[in-house]
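One letter stands for each residue in the lines below.
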Amino acid sequence: PDATRRAATIASEPQRSAAMNNLPSPLRGHLLGFCNPGEADMLRLLQEGSTRTNPLPDFGAMSMASAPPVIFLDVDGVLNRVDDPGDERVDATMLMRVRQLADSAGAVVVISSDWRTQPDAKAHIERRLAALDVTVVGATPLARTRALARPAEIFQWLSTHPDEHNGRYVVLDDRDLTRETRGAELAAARRFVRTDPNVGFTDENLAEAIGVLRRVD
């Protein structure tokens, strides 16, 4: 039994499949009995895959598909109105729309606002989102230029966190990001929802953003 287990462990996946098929059925079952549940399932898949016409599952793609969509969230002009004289820096109604957006696709939030550079402000928006059960997984990095480069910061986050998103995302911002560094790429991706800074995140913006997150390119 120990020798059989070692042979199954060191063999590559194609070798395992060939070896399994060459074994008598009783011995195949005996070998599977030495595997933990995950290994046994994999061996069965490999055995099945050698005789089926359909390809085996792409486990890398399955992992990517299980990751959530991402909402890149600006604050000023999205979760508030820039001309609002009130002391409340985050509008509860607009914040609730972010929750509706997240709930619509099981999405998480990455903060792309300049608020991420101010610890108190960043902590405030994180607390408000957490109170609504919206998960914040991080913030975009700061571009070296620090000016008019928000799309570049978003694309950098996407490229450095490949296991934390499934390729679907939406960018909420009141700035015209299409005119900033890598803005043309963002425009081509059709994943940017621009808000009116004097109005904030509206129901119309929400409907558009839900459509973006549900779209599979």
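Small disclaimer: the values here were computed from a predicted structure and weren't measured.

Asks: Talk me through the packing of aromatic side chains; I want residue IDs and the actual numbers.
Replies: One pass over the structure, following the stated rule, counts 2 aromatic pairs. Ring plane angle 80° and centroid distance 5.7 Å describe the contact between Phe72 and Trp157, whose orientation is recorded as edge-to-face. One end of the pair, Phe72, is in strand E1 (residues 70–73); the other, Trp157, is in helix H8 (residues 150–160), with 85 residues separating them in the sequence. Here Phe72 falls in the buried class, since its relative accessible area comes to 0%. Measuring from centroid to centroid gives 6.0 Å for Phe72 and Tyr169, while their planes differ by 80°, and the two rings are edge-to-face. Here Phe72, found in strand E1, pairs with Tyr169, found in strand E4 (residues 169–173); they are 97 residues apart in sequence, far enough to count as distant. Taking relative accessible area as the criterion, Tyr169 reaches 7% and is therefore assigned buried.

Asks: I'd like a description of the side chain of Ser113, backed by residues and values.
Replies: Mapped onto the elements of the fold, Ser113 is located in the loop between strand E2 (108–111) and helix H7 (119–131). Of the polar contacts made by the side chain of Ser113, one reaches the side chain of Asp74; its length is 3.5 Å. Not counting residues within four places of it along the chain, the set of residues in contact with Ser113 comprises Leu73, Asp74, Val75 and Arg150.

Asks: An account of the environment of Asp196 is needed here, citing residue identities and associated values.
Replies: Along the chain, Asp196 falls in the loop between strand E5 (192–194) and helix H10 (203–214). For Asp196, a relative accessible area of 37% corresponds to the partly exposed category. Between the alpha carbons of Asp196 and Val78 there is a distance of 7.6 Å; along the sequence they are 118 residues apart. A polar contact is formed between the side chain of Asp196 and the backbone nitrogen of Asn198, at a distance of 2.9 Å.

Asks: So what about the confidence of the model for the protein? Which residues, and what values?
Replies: Within the protein, residue pLDDT values average 79, and 68% of them lie at 70 or more. Across residues 25–32, where pLDDT falls below 50, the model places 12 contacts with residues more than four positions away in sequence or in other chains. With pLDDT under 50 throughout, residues 34–43 is counted as low confidence; its partners more than four residues away or in other chains account for 9 contacts.

Asks: Before we move on, could you go through H8 and cite the residues and values that matter?
Replies: Of all 11 residues in H8, 8 are buried; the element is thus mostly enclosed. Within H8, the full set of buried residues consists of Arg150, Pro151, Ala152, Glu153, Ile154, Phe155, Trp157 and Leu158. Contacts made by the buried residues of H8 are with E1, E2, strand E3 (136–139), E4 and helix H9 (183–189).

Asks: Any details on the packing of helix H6 (residues 92–105) against H10? Residues and values, ideally.
Replies: In contact at an axis separation of 10 Å, H6 and H10 are set at 20° when each is read in the N-to-C sense. One finds that H6 runs roughly parallel with respect to H10. In this structure, H6 crosses over H10, and the sense of that crossing is right-handed. Listed contacts from H10 to Arg97, Gln100, Leu101, Ser104 and Ala105 of H6 are Asp203, Leu206, Ala209, Ile210, Leu213 and Arg214. Looking at the contact of H6 with H10 residue by residue, the classes come out as 6 nonpolar, 2 polar and 3 charged.

Asks: Which residues make up the nonpolar core, and what values go with them?
Replies: Residues Ile71, Leu79, Leu101, Ile125, Val170 and Leu172 are the most contacted members of the largest nonpolar core, which totals 29 residues. Where this core is concerned, the elements lending two or more residues are E1, H6, E2, H7, E4 and H10. With residues near it in sequence (within four places) discarded, Leu101 still touches Ile71, Val170, Leu172, Phe201, Leu206, Ala209, Ile210 and Leu213.

Asks: I'd love a proper account of the pairing of E1, names of residues and values included.
Replies: Residues in a regular strand project their side chains so that they alternate between the two faces of the sheet. Side chains Val70 and Phe72 of E1 all project onto a buried face; the interleaved residues Ile71 and Leu73 project onto the opposite face, where all are buried too. Examined bridge by bridge, E1 and E2 share 4 bridges and lie parallel to one another. Within E2, the position partnered with Val70 by the bridge is Val108. Sheet topology note: the E1/E4 ladder contains 4 bridges and is parallel. Bridged to Phe72 within E4 is Val171.

Asks: For the pattern of salt bridges, give the residues involved together with the corresponding values.
Replies: With the rule as written, the count across this model stands at 15 salt bridges. A salt bridge links Glu153 to Arg116; its shortest N-O distance comes to 2.9 Å. On the criterion of sequence distance, the pair formed by Glu153 in helix H8 and Arg116 in the loop between E2 and H7 is long-range, its members being 37 residues apart. What makes Glu153 buried here is its relative accessible area of 6%. Take Arg116: its relative accessible area is 10%, and that puts it in the buried class. The network of salt bridges with common partners includes Asp74, Asp114, Arg116, Arg150, Glu153 and Asp173.

Conventions we followed
Residues numbered from 1 in each chain as written. Predicted model: local features only at pLDDT ≥ 70, side-chain atom pairs only at ≥ 80, totals over all residues. Heavy atoms only, no water. Phe/Tyr/Trp six-rings, centres within 6.5 Å; stacked < 30°, edge-to-face > 60°. Helix = DSSP H or I, 4+ residues; strand = E, 2+ residues; numbered from the N terminus. Buried < 20%, exposed > 50% of the residue type's maximum accessible area, 1.4 Å probe, protein only. Polar contact = N/O pair within 3.5 Å; in protein donor to acceptor, adjacent residues only side chain to side chain. Contact = heavy atoms within 4.5 Å. pLDDT = per-residue confidence, 0-100. Axes fitted to C-alpha atoms, helices over the stretch in contact; angles between N-to-C directions. Parallel < 35°, antiparallel > 145°, perpendicular 65-115°, else oblique. Left-handed = near helix turned anticlockwise from the far one by under 90°. Nonpolar A, V, L, I, M, F, W, Y, C, P; charged D, E, K, R; others polar. Core = buried A, V, L, I, M, F, W, Y, C linked by side-chain atoms within 4.5 Å. Pairing = 2+ DSSP bridges. Salt bridge = Lys/Arg side-chain N within 4 Å of Asp/Glu carboxyl O.

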